[in-house]
Amino acid sequence: MGESVGDSPAHLLLDQLLTERALEQVTRAFEKRDAISATHLRQVLAGALNRDQDDQQIALLCAMVSGDGSDVVLLEEFSSYLLRQLKEREKSQQLSGSHSEAMPLQPLPHCKRNTYSKETICRIVPISNPAAHYLAVSKDGVLTTWSHSLQLKSGKCMDQDSAPLGGQRASLLVTDMVGMHNCGKVCLSSSSRELHFYDCQQGVRCFYRLHDLPYVPLCLSYHYNIESPSSSSHLLYGDEAGSVVVLSFLKPTVALFQPSSFTDKPTQLIAFKALSEHALFVSVQVVTGVHSDWVGRVSYLPHNHSFVSCSSSSSHSIVLQSIHSKTRPYVFKMSKGALCFVYSHELDLLVSGSRDHLVRLWNPVMPHRPVAVLAGHSTAVLDLVLCRRNGLLYSFSLDSVLYVWDVFRQTPLQSIKAHFPPSHRLPDYGPSPLTFLPPHTLTLACNEHLLVFEGVGAGAEDTLTPSHTTHRHPLCKALYNPLLHQVISGSECGDVLVWDVNSGQQLLSIPCCHGNEELTSMSLDATGRRFLTGSRNGQIKVWTCGTGVCVGCMSAPGGTEVTSVLHRLELGGVLAVGWSHRITFFPDTADASAAVEPSSTSWQGPDHHKDDILCSSYCFPNYLATGSFDGEIAVWNTATERLVSHCKSISRLKPMLLKKIKQLDVTSASHSTLTSTHTRTPSQPASRKLSSYCIRSSHRPTGACAVCRWTNSCSCARDWRTTRRNTPPHLFPAKQELLVSGTYSAPQNL
């Protein structure tokens, strides 16, 4: 399984809890008694797992086990928690197993051998040549062409005149190669501080040679607009000084550089310092000081004209930076640097491999902490390939192990030990051993051999499918539990899932929590250890966040839909609102044996609302606000159960607003235009459906008051003060100015 950063106690401690020694100590603690204190359980777990008693993960584990928040842990609760976690893990493993069977790698790939050179194959790229389909280059500068089925066809040396085929040049060492498909060329970088541009449309011949570069280029990246191949393209290379150089070709389909007057020479030589003479065709920009060590990989990001590069530096392992350096770069730090990375704008994901054997998943704009860490390799991770169509990640390590990961579930699907023909030489994998050749071929290079995996992702769709969604039906509500670091999500069909925030792992699943009834509302209780769910038939249930056990059941009067439930310790129970047009109070109880009826002696406030109540919110210490379908808002005092403020629908305030607007002395045309946008025409409906609502405290120099904010279907947000009834002090129409007390002014932050 892939290990995620900050994994939940369920995933980090479960295997340790299931050992014979740990279970024996826990069983001995519960011997001859059905319950022990939470402090005692923490001591037992700390001794059984060889951890400190104050360990945060053990504290969270005890909090999950104790559903009611008391200091007593029942043996039944502890056993139920372990069984529930085992069931969820088994379900996750079955899901991963079925996914891996659908898209496995071939266990026995085809092995190809380069007979033209014994040096390591650096890179293989597709080319547009009628006689060949792929072009590969070895470290010693031998170019080989391959057919569509990766059968070796021909080979030649980069410098045919100065060295025989198969000869070795000490002065030439190829570092990388990249295809330039829009102009039918490839670019090679060498240790002689040169860039070689080969034309592949009619044979393979050197067309340009850019020499006398400031430093040795080590890695290449090329990008062009597929929809407009003749528009400007960008060639990037990273060098040994930690800099990134950007060559922008303005007319790539015409010529890369200014044509030379000496037409008798087959190769045009261009000095790097003389690029200013080719300003009509190419421009150069050098971004210095990107890394303190040499650049291992570089990639161009077209959506924001920036680049990503990596190095072995611990302080600047990966850098995401704008080419024009207008914005602050994002710097990702790893203790042993980064050897490789892959970036996906579609998935908004950056994946890195390092010498510490780990594969990290990053949010590209959050460099401080990875989203997840995939552990499985035993040696340094050398290369990565991400298949964006199906979310599969291929990682290769120094010990010849190839892993296949599911990026969405962050779990391994398959691992294969790559076997190459026996040789007296040590394996050398080159700068980029893994290459994905569309549509379904993955190659792995070692020395002069090439392993070919066919049918990679052949059964995947071209786009991400809905199978990667978390629920079968639309979501009804999502809650965040800061105490247990969980997210609780519920769908309309009643499926409730509990997720760990740090790892994204699913901890619990409660299918159809209200049977065949639709889930309509959810909320956390005041302790953070339980959550409440409401259904369309008026049923309210209380569940534990750690074990998913139902510990309470309530029924709203008349069996009407519950739209909002609130639990407060100071109230001593649960407040529910819905289609009954009134507020219902249930006393707090943990007895799940029978349904709890509404309290007959509590909440004696009047039945104010004339329509269905859709939302409610509580403001400490004693404010409760409710909003109904007709746009009415009522603010209550929970201590006296009296109506504090009645905020009428804006339609009832129309005469008053029109009177104030007519009294304004509008002197500019802009004010006149603005007046017309704030008035409602007779064709507009008289009321708006209340769609969202919240209440909060506002402390001002004039005194404390409660401010209610609600949003209707016309994208208008309105703020009300409870101390001044019936009049909204702040009216926020969408993309318009603010109307305050009969005068126009700019919107203010409340």
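Refer to the preceding data block for the structure.
Residues numbered from 1 in each chain as written. Predicted model: local features only at pLDDT ≥ 70, side-chain atom pairs only at ≥ 80, totals over all residues. Heavy atoms only, no water.

## Focus: the sheet that holds strand E17 (residues 295–301)
Stage number 1. Pairing is antiparallel across the open sheet formed by four strands, whose spatial order is E17-E18-E19-E20. The open sheet is flanked by E17 and strand E20 (330–332), the only strands paired with a single partner. Ignoring which end each strand starts from, the neighbouring axes of this sheet average 15° apart. (Pairing = 2+ DSSP bridges. Helix = DSSP H or I, 4+ residues; strand = E, 2+ residues; numbered from the N terminus. Axes fitted to C-alpha atoms, helices over the stretch in contact; angles between N-to-C directions.)

## A look at helix H5 (residues 56–65)
Stage number 1. Of all ten residues in H5, seven are buried; the element is thus mostly enclosed.
Stage number 2. Taken together, the buried positions of H5 are occupied by Ile-58, Leu-60, Leu-61, Cys-62, Ala-63, Met-64 and Val-65. (Buried < 20%, exposed > 50% of the residue type's maximum accessible area, 1.4 Å probe, protein only.)

## Regarding helix H4 (residues 38–49)
Stage number 1. Compared with an ideal rise of 1.5 Å per residue, which puts twelve residues at 16 Å, H4 spans 16 Å between its outermost C-alpha atoms and is within 8% of the ideal.
Stage number 2. Among all positions in H4, only Ala-38, Leu-41, Val-44, Leu-45, Ala-46, Ala-48 and Leu-49 are buried.
Stage number 3. Downstream of H4 by a residue or two, Asn-50 has a phi angle that is positive, lying close to 55°. (Expected span 1.5 Å × (residues − 1).)

## Some remarks on the sheet that holds strand E21 (residues 340–344)
Working definition: the strands of a sheet are paired by backbone hydrogen bonds and lie parallel or antiparallel to each other.
Stage number 1. An order of E21-E22-E23-E24 is seen for the four strands of this open sheet, with the pairing classed as antiparallel. Two strands bound the open sheet, and with one partner strand each, they are E21 and strand E24 (372–375). Each strand axis lies, on average, 15° off the axis of its neighbour in the sheet, ignoring direction.
Stage number 2. The pairing of strand E23 (residues 358–362) with E24 spans four bridges and is classified as antiparallel. Counterpart to Leu-358 in the pairing with E24 is Ala-375.

## Looking at the nonpolar core
Stage number 1. Within the largest apolar cluster, 34 residues are counted, with the highest numbers of intra-cluster contacts made by Leu-41, Leu-45, Phe-78, Ile-488, Val-496, Met-522 and Phe-531.
Stage number 2. Where this core is concerned, the elements lending two or more residues are helix H3 (20–29), H4, H5, helix H6 (75–102), strand E34 (496–500), strand E35 (506–510) and strand E36 (519–524).
Stage number 3. The leading source of residues in this core is H5, at seven residues.
Stage number 4. The contact partners of Phe-531, leaving out residues within four places of it in the chain, are Ile-488, Val-496, Ile-510, Met-522, Ser-523, Leu-524, Asp-525, Lys-541, Val-542, Trp-543, Thr-544 and Cys-545.
Stage number 5. Leu-195, Tyr-208, Leu-210 and Leu-220 belong to the second largest nonpolar core, which has 24 residues in total. (Core = buried A, V, L, I, M, F, W, Y, C linked by side-chain atoms within 4.5 Å. Contact = heavy atoms within 4.5 Å.)

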